[in-house]
Amino acid sequence: MATPLSTPGPTLGVVGGGQLGRMLAKAAGPLGVELVVLDPTPDCPAAPVCRDQIVGEFDDADAVRELAERADFLTFEIELADPDLLDRVREETGVPVHPSPDTLRTIQDKLVQKDALAEVGVPVPEYRAVDDADELRDALDELGTPAMVKAREGGYDGRGNAPIESPDDAEAVLDEIGGAAMVEAFVDYERELSVIGVKGDDEVATFPAGENVHREEILRETIVPARADEAVRQRAHEVATDVLELMDGRGVYGIELFQGPDDEILVNEIAPRPHNSGHWTIEGAVASQFEQHVRAVTGRPLGSTAQRSPTVMTNLLGDVEETQPAQLRGVDEVLGTPRAGLHWYGKRDVRPLRKMGHVTLTGDDGSSGTSDEGASVDDLLARARELRDAATFVDES
């Protein structure tokens, strides 16, 4: 039976109060859902737009239990959440947790994640577990160089990933990783893709495949639709659907992919939460990834994942040399540009390459790769880059 709307409405407890929590709160409000977030940073980015914040570490048992006691549903927006603690709190309080802590447990360890995918036949790059420099050198004999060495746990935004060009660099690369690691064969990919998928109650949906541009292992831009053949985009959708079948629990999943040789689609990594490459959906899709996540984890029907128009998203990263108070200059051009959207994450300090916000730029026509004014996605990308580059945290006065 459908749950009626009332005020106050249901409360969604979120482990993590960063920019994803901030955007979840903005999407939850129109659905009548209130957010309480748990984050160790006082006045975290989500705090100004959610009902309340519990200040505590992600693995603080008392804080997570308090979050559950104040919520009707629990979710997380960061993989640093503790799956064992979430499992225990779910048993003690009866508050449902989505996606499942088991899924989080699988995703947190990149080797376990790859093993789970390979076991059911989802295509992934060749990989090996490596515990020491000798094992890494042996793996490189099989996989070749260059290759990518990854920390099994904790890596994000380029942290925990290190390319390796020669077996002679094995010790240095593992020292840089600083823990349990795995190595993946280099994929000579045509482009990086991602599909944002969502699981509801007996529903599975995917957004159109996006094309991702990374530099220094950090996402810089997402272009939707991806500049790939329709057959490639369809294959990406099929692989993403296979991934979703493996995942346990409702919610949004960011699925990163490679378009490899002969247009083979390989899974790179999965995030059991809204994903940076899905930010384009706020302006570019009928129901954003954040609305979909709130709908899914609270047991509501999913919205439409249809694309409204060609869309480019570009990240606003810290362009400073050292940490300093955040003041973004040059935003008037973004605000004065038709169909441009500015998203500020509310972080107090900027540091080199820190994600501080993003800009989206949409075309007029969602039926093809061009707008009514004849602007291709390449034109949109060029203009979005101009808007991004006009914004800076550097005081040039």
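Residues numbered from 1 in each chain as written. Predicted model: local features only at pLDDT ≥ 70, side-chain atom pairs only at ≥ 80, totals over all residues. Heavy atoms only, no water.

Participant: How should I be thinking about the pairing of strand β15 (residues 311–317) in this particular structure?
Facilitator: Within a regular beta strand, the side chains point alternately toward one face of the sheet and then the other, so they alternate between its two faces. In terms of burial, β15 is largely enclosed, as seven of its seven residues are buried. Here β15 shows no split at all, with Thr 311, Met 313, Asn 315 and Leu 317 on one side and Val 312, Thr 314 and Leu 316 on the other all buried. Relative to β15, strand β12 (residues 218–224) runs antiparallel, the two sharing four bridges. Across the sheet, residue Val 224 finds its bridge partner in β15, namely Thr 311. (Buried < 20%, exposed > 50% of the residue type's maximum accessible area, 1.4 Å probe, protein only. Helix = DSSP H or I, 4+ residues; strand = E, 2+ residues; numbered from the N terminus. Pairing = 2+ DSSP bridges.)

Participant: Whenever I open this one, the sheet that holds strand β1 (residues 11–15) confuses me. Can you help?
Facilitator: Spatial ordering of the open sheet is given by β3-β2-β1-β4, a layout of four strands whose pairing is parallel. Bordering the open sheet on either side are β3 (52–55) and β4 (73–76), each of which pairs with just one other strand. Averaged over all neighbouring strand pairs, the angle between strand axes comes to 25°, with direction disregarded. As paired elements, strand β2 (residues 34–39) and β3 share four bridges and run parallel to each other. Residue Val 36 lies in a different strand from β3, and its bridge partner there is Asp 52. Against the sheet, helix α10 (residues 289–297) makes contact with β1 and β4, and its axis sits at roughly 140° relative to β4, the strand it touches most. (Axes fitted to C-alpha atoms, helices over the stretch in contact; angles between N-to-C directions. Contact = heavy atoms within 4.5 Å.)

Participant: Is there a simple way to explain the pattern of salt bridges in this structure?
Facilitator: Any two side chains of opposite charge can pair, so long as their charged atoms come close to each other. This structure, assessed with the given rule, holds 33 salt bridges. Salt-bridge contacts for Arg 385 lead to Glu 221; the nearest nitrogen and oxygen are separated by 2.8 Å. In this pair, Arg 385 sits in helix α12 (residues 377–390) while Glu 221 sits in strand β12, placing the two residues 164 residues apart along the sequence. A network of salt bridges, in which partner residues are shared, links Asp 84, Asp 87, Arg 90, Asp 102 and Arg 105. (Salt bridge = Lys/Arg side-chain N within 4 Å of Asp/Glu carboxyl O.)

Participant: I tried to follow the state of the cysteines on my own but got confused; where do I start?
Facilitator: Here a disulfide denotes a covalent bond joining the sulfur atom of one cysteine to the sulfur atom of another. Under the defined criterion, the tally for this structure stands at zero disulfides. Not part of a disulfide, Cys 44 finds its nearest cysteine sulfur in Cys 50, a span of 6.1 Å. By relative accessible area, which is 1% here, Cys 44 ends up buried. (Disulfide = S-S within 2.5 Å.)

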